[in-house]
Amino acid sequence: MHEMALIESVVEIAEEVARQNGARRIIRLRLDIGELSIAEPDALTFCFAAVTQGTMAQDAELEICRVAGRGWCLDCATEIAMSQRFGTCPICGSHQVQVTGGDDLKIKDIEIN
Amino acid sequence: MCSVCGCGTAKIIDTDPEKALATAHGHDHHHDHDHDHTHDHHHHHDGAHDHGDHLHAEGVINYGGGIAGVHVPGLSQARIVTIERDILSRNDALARDNRAYLEGHNIFALNLVSSPGSGKTSLLVRAITDLADRMKISVIEGDQQTANDAERIRAAGAKAIQINTGKGCHLDAHMVGHAIEALAPPNGSVLFIENVGNLVCPAAFDLGEAHKVVVLSVTEGEDKPLKYPDMFAAADLLLLNKSDLLPHLDFNLGACLANALRINPKLQTLIVSARTGEGMEAFYAWLEASAARAARRPEHHALAQPAQTQGAMK
């Protein structure tokens with residue numbers, strides 16, 4: 001359950017930024033979580049409620065933006081949609097595909113007051 | 001002037017809004033809101049408003065600096081702050097500090113990852129015994145509970161420190177930074193970091209090691225690289241352990257290696273048995289060659305500061 005550690009890291013960074021901006025509370029956090037990233041959105045949401053207790057982000061809303069997986073098939077020389085990190089090309093079935101997008105694991109922004 | 005409905009904007013100099021409201025003028029503003037709003041409808045309560053007849057000075061907390069650029073008493077003044085930072089950025093910064101320290105001291109660090117029971121500790125015990133005259137080895141042991149593994153390592157003759165992660169399912173760069181500080185491996189030595197037995201989470205956390213080494217035992221099934229691809233993608237070397245059991249199993253060695261290479265075409269693979277010692281000499285040769293190659297890189301002799309004095313530690 002590395003999502004717990006990821007969310008702890010999210011809250012730490014968010015609190016740091018919130019304090020720098022003179023905020024008292026974090027109301028909303030927005031994350032970019034790619035389809036091909038190592039994190040499960042449901043697990044992140046589950047951990048969020050537990051981790052934020054007693055922090056500036058207590059009762060904050062967690063918004064997860066899913067970033068679609070994209071890759072490049074070396075055989076087709078084409079940009080392809082990918083739903084699995086180590087998947088195959090939907091056109092030719094080749095394993096020679098490189099991930100070009102959708103492995104994001106990022107804090108986009110926070111809403112504070 | 002409020003750009004939303006035309007009423008006077010509030011300017012509150014006191015950082016405590018409650019107090020500031022109490023000291024401001026005391027007349028009411030009521031506005032009919034019968035026009036369309038493109039934002040959330042806001043309601044003005046009875047109470048004190050400061051007239052917007054003077055400018056905000058530098059260093060004053062500006063309650064009108066929110067998204068709408070207005071302050072509406074009684075409603076929250078939310079602001080959106082863009083962060084755009086990788087969630088793992090804190091861990092990665094600490095890992096960079098660890099790496100700079102290790103490389104600066106010419107310490108060759110390997111992060112051993114696997115599922116529980118693949119034989120990581122037995123492999124280390126064997127290596128420590130076999131390599132006693134060839135290199136100095138120290139070990140950081142990661143487990144949720146007990147110091148059993150560190151005791152096994154010490155009994156084999158190497159310096160060891162145990163990290164108990166408690167509920168944690170992996171080691172992170174922060175824990176390892178402190179462990180390196182406590183262990184103080186000698187210059188020119190080899191440091192093994194035995195991660196928590198888990199084929200999922202440790203893949204994501206850089207500890208500052210030179211290489212991740214994934215250990216897989218032949219009792220685990222040849223499709224494990226496909227089931228847990230992230231770990232095999234993150235590793236540079238695969239040690240396929242317990243090869244002495246191969247005659248008793250239906251394990252398809254070729255299929256296992258093919259699966260691992262499908263996930264990571266650059267993965268190096270060695271077949272070993274920590275019990276009989278088969279193939280271990282190949283691992284030692286890899287270890288010595290990789291450590292020597294790392295030591296030759298000029299950037300590894302850059303500034304070396306203690307791992308824990310850099311960056312913000314928890």
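Along every chain, residues carry numbers that run from 1 in the direction the sequence is written. For naming, the first written chain is A and the first written ligand is 1, with later ones following in the order written. Only residues with pLDDT of at least 70 get local features here, since the model is predicted, and only at 80 or more are side-chain atom pairs given and counted; chain-wide, interface and lining totals rely on the full set of residues. The basis for every side-chain value is the complete set of non-hydrogen atoms in the structure, without hydrogens or water.

A. Fine view of the overall build of chain A. Helix numbers and strand numbers start at the N terminus; a helix is a DSSP run of H or I with at least 4 residues, a strand a run of E with at least 2. The secondary structure content of chain A amounts to two helices and six strands. What you see for chain A is a C-alpha radius of gyration of 17 Å, clearly larger than the 13 Å of a compact globule of 113 residues, by over 25%. Projected onto its principal axes, the C-alpha coordinates of chain A cover approximately 55 × 25 × 15 Å. Burial here depends on accessible area, computed with a 1.4 Å probe over protein chains only, as a share of the maximum for the residue type. Under 20% is buried, over 50% is exposed, and the range in between is partly exposed. The buried share of chain A, reckoned over its 113 residues, is 47%. Contacts are assigned to residue pairs with any non-hydrogen atoms lying within 4.5 Å of each other. Taking the contacts inside chain A whose residues are at least 6 apart along the sequence as the reference set, 71% of them involve residues at least 24 apart. The method behind every accessible area is Shrake-Rupley, applied with a 1.4 Å probe, and residues are considered shielded solely by the protein chains displayed. With an accessible surface of roughly 5,400 Å², chain A has 45% of that area assigned to carbon and sulfur atoms. Between the centroid of the 10 positive side chains of chain A and the centroid of its 18 negative side chains there is a distance of 6 Å. Note on method: radius of gyration uses C-alpha positions; expected globular size equals 2.2 Å times residues raised to 0.38. In this tally, Lys and Arg are treated as positive and Asp and Glu as negative; His is ignored, and so are the chain termini. To locate a charge, take atom NZ for lysine, CZ for arginine, CG for aspartate or CD for glutamate.

B. The nonpolar core, seen in detail. Buried Ala, Val, Leu, Ile, Met, Phe, Trp, Tyr and Cys residues that are joined via side-chain atoms within 4.5 Å together make up what is termed a nonpolar core. Of all hydrophobic cores here, the largest spans 33 residues; its most connected members are Leu6(A), Ile7(A), Ile26(A), Leu29(A), Leu31(A), Ile110(A) and Ile87(B). Every element with two or more residues in this core is listed here: helix H1 (2-20), strand E1 (26-34), helix H2 (41-51) and strand E6 (105-112) of chain A together with strand E1 (79-86) of chain B. The dominant element in this core, judged by the number of residues it contributes, is H1(A), at nine residues. With residues near it in sequence (within four places) discarded, Ile26(A) still touches Ala14(A), Glu15(A), Ala18(A), Met56(A), Ala57(A), Ala60(A), Ile110(A), Glu111(A) and Ile112(A). Residues Ile128(B), Ala150(B), Val272(B) and Ala291(B) belong to the second largest nonpolar core, which totals 31 residues.

C. Representation of the interface of chain A and chain B within the structure. Contact residues are listed per partner, giving 31 residues for chain A and 28 residues for chain B. Buried area is a sum: the accessible area each of two parts loses on coming together, probed at 1.4 Å, counted once for each and added. In total, chain A and chain B occlude about 2,700 Å² of area from one another, counting both sides; carbon and sulfur atoms represent 61% of this. Across the salt bridge formed by Lys106(A) and Glu84(B), the nearest N and O atoms sit 2.9 Å from each other. In protein, a polar contact means a hydrogen-donor-capable atom and an acceptor-capable atom, both N or O and within 3.5 Å, with residues adjacent in sequence counting only if both atoms are side-chain atoms; elsewhere, any N or O pair within 3.5 Å suffices. Run the count over chain A and chain B and you get 14 residue pairs in polar contact (both at pLDDT 80 or more). Those elements that provide at least two residues to the side of chain A that touches chain B are H1, E1 and E6 of chain A. With ten residues, H1(A) is the largest single contributor of residues to the side of chain A that touches chain B. Each residue belonging to the side of chain A that touches chain B can be placed in one class, and the counts come to 17 nonpolar, six polar and eight charged. In the sheet, E6(A) pairs with E1(B) via six bridges, with the strands oriented antiparallel. Bridge pairing in E1(B) links Asp109(A) to Thr82(B). Only one rule defines a salt bridge in this text: a Lys or Arg side-chain nitrogen within 4 Å of an Asp or Glu carboxyl oxygen. Under this grouping Gly is polar, as are all residues other than the nonpolar Ala, Val, Leu, Ile, Met, Phe, Trp, Tyr, Cys and Pro and the charged Asp, Glu, Lys and Arg. One bridge is not enough; two strands pair if DSSP finds at least two bridges between them.

D. Expanded view of the pairing of strand E2 (residues 61-67) of chain A. Residue and element names in this part refer to chain A. Where E1 and E2 come together, seven bridges link them in parallel fashion. If you follow Ile33 over to E2, its bridge partner there is Arg66. Viewed with both strands pointing away, a crossover whose connecting path from the first strand over the helix to the second turns clockwise is right-handed. Chirality of the crossover, the property in question, places the unit of E1, H2 and E2 among those that are right-handed.

E. Seen up close, the confidence of the model for chain B. Residue and element names in this part refer to chain B. Residue-level confidence of the predictor is summarised by pLDDT, bounded by 0 at the bottom and 100 at the top. Here chain B averages 80 in pLDDT, and 70% of its residues register 70 or above. Of the regions scoring below 50 in pLDDT, residues 1-57 engages in 77 contacts with residues more than four places distant in sequence or in other chains. Scored below 50 in pLDDT, residues 64-68 shows 13 contacts in the model against residues more than four places distant or in partner chains. If you check the scores for this complex, the pTM reads 0.76 and the ipTM reads 0.88.

F. Highlighting helix H4 (residues 148-156) of chain B. All names here are of chain B. Those residues of H4 that sit buried are Asp149, Ala150 and Ile153. For H4, the angular spread of the buried residues around the axis is 100°, confining them to a single face. Where the residues of H4 are buried, they touch helix H3 (120-130), strand E3 (137-143), strand E4 (159-164) and strand E5 (190-194). This arc corresponds to the set of directions leading from the helix axis out to the C-beta atoms.

G. Fine view of the packing of aromatic side chains. All names here are of chain B. Stacked, tilted and edge-to-face pairs are distinguished by plane angle, under 30 degrees for stacked and over 60 for edge-to-face with tilted covering the rest, among Phe, Tyr and Trp rings (Trp via its six-membered ring) whose centres lie within 6.5 Å. Taken as a whole, this structure holds two aromatic pairs over all chains when the rule is applied. Ring plane angle 50° and centroid distance 6.1 Å describe the contact between Phe283 and Tyr284, whose orientation is recorded as tilted. Each of the two residues, Phe283 as well as Tyr284, counts as buried. Here the aromatic rings of Phe283 and Trp286 are separated by 6.3 Å at their centres, their planes lie at 15°, and the arrangement is stacked.

H. Spatial organisation of the sheet that holds E6(A). Taken in spatial order, the four strands line up as E2(A)-E1(A)-E6(A)-E1(B) in an open sheet, and their pairing is mixed. Every interior strand has two partners, whereas the edge strands, E2 of chain A together with E1 of chain B, have only one. Strand-to-strand twist of the sheet, defined as the mean angle between neighbouring strand axes without regard to direction, takes the value 20°. Whenever a helix is involved, its axis is fitted only over the stretch in contact; in every case the axis is a line through C-alpha atoms, and angles between N-to-C directions fall within 0 to 180 degrees.

I. Summary view of the packing of H3(B) against H4(B). Residues and elements named next belong to chain B. Look at H3 against H4: their axes get within 9 Å of each other, and the N-to-C directions meet at 15°. In terms of orientation, H3 and H4 fall into the roughly parallel class. The way H3 lies across H4 gives a crossing that is right-handed. Side by side, H3 and H4 meet where Thr121, Ser122, Leu124, Val125, Ile128 and Thr129 of the first sit next to Asp149, Arg152, Ile153 and Ala156 of the second. When the residues that make up the contact of H3 with H4 are grouped by side-chain class, the tally is five nonpolar, three polar and two charged. Between 65 and 115 degrees an angle is taken as roughly perpendicular, under 35 as roughly parallel, over 145 as roughly antiparallel, and anywhere else as oblique. A crossing counts as left-handed when the near helix is turned anticlockwise from the far one by less than a right angle, and as right-handed when that turn is clockwise.

J. Quick look at the environment of Ala282(B). With respect to the helices and strands, the residue Ala282(B) is situated in helix H9 (residues 280-296). A sequence separation of eleven residues divides Ala282(B) from Ile271(B), and the C-alpha atoms of the two residues are 8.8 Å apart.

K. Region of the structure containing the pattern of salt bridges. For the structure shown, the criterion picks out 19 salt bridges over all chains. In this structure, the salt-bridge partner of Glu16(A) is Arg85(B), at a minimum N-O distance of 3.7 Å. Of this pair, Glu16(A) sits in helix H1 while Arg85(B) sits in strand E1, which puts the two residues in different chains. Judged by its relative accessible area of 27%, Glu16(A) falls in the partly exposed class. By relative accessible area, Arg85(B) is classed as partly exposed at 27%. Between Glu16(A) and Arg90(B) there is a salt bridge; the shortest N-O distance is 3.0 Å. Placement of the pair is Glu16(A) in helix H1 and Arg90(B) in helix H2 (residues 89-104), with the two residues belonging to separate chains. Taken together, the salt bridges that share partners define one network made up of Glu12(A), Glu16(A), Arg85(B) and Arg90(B).

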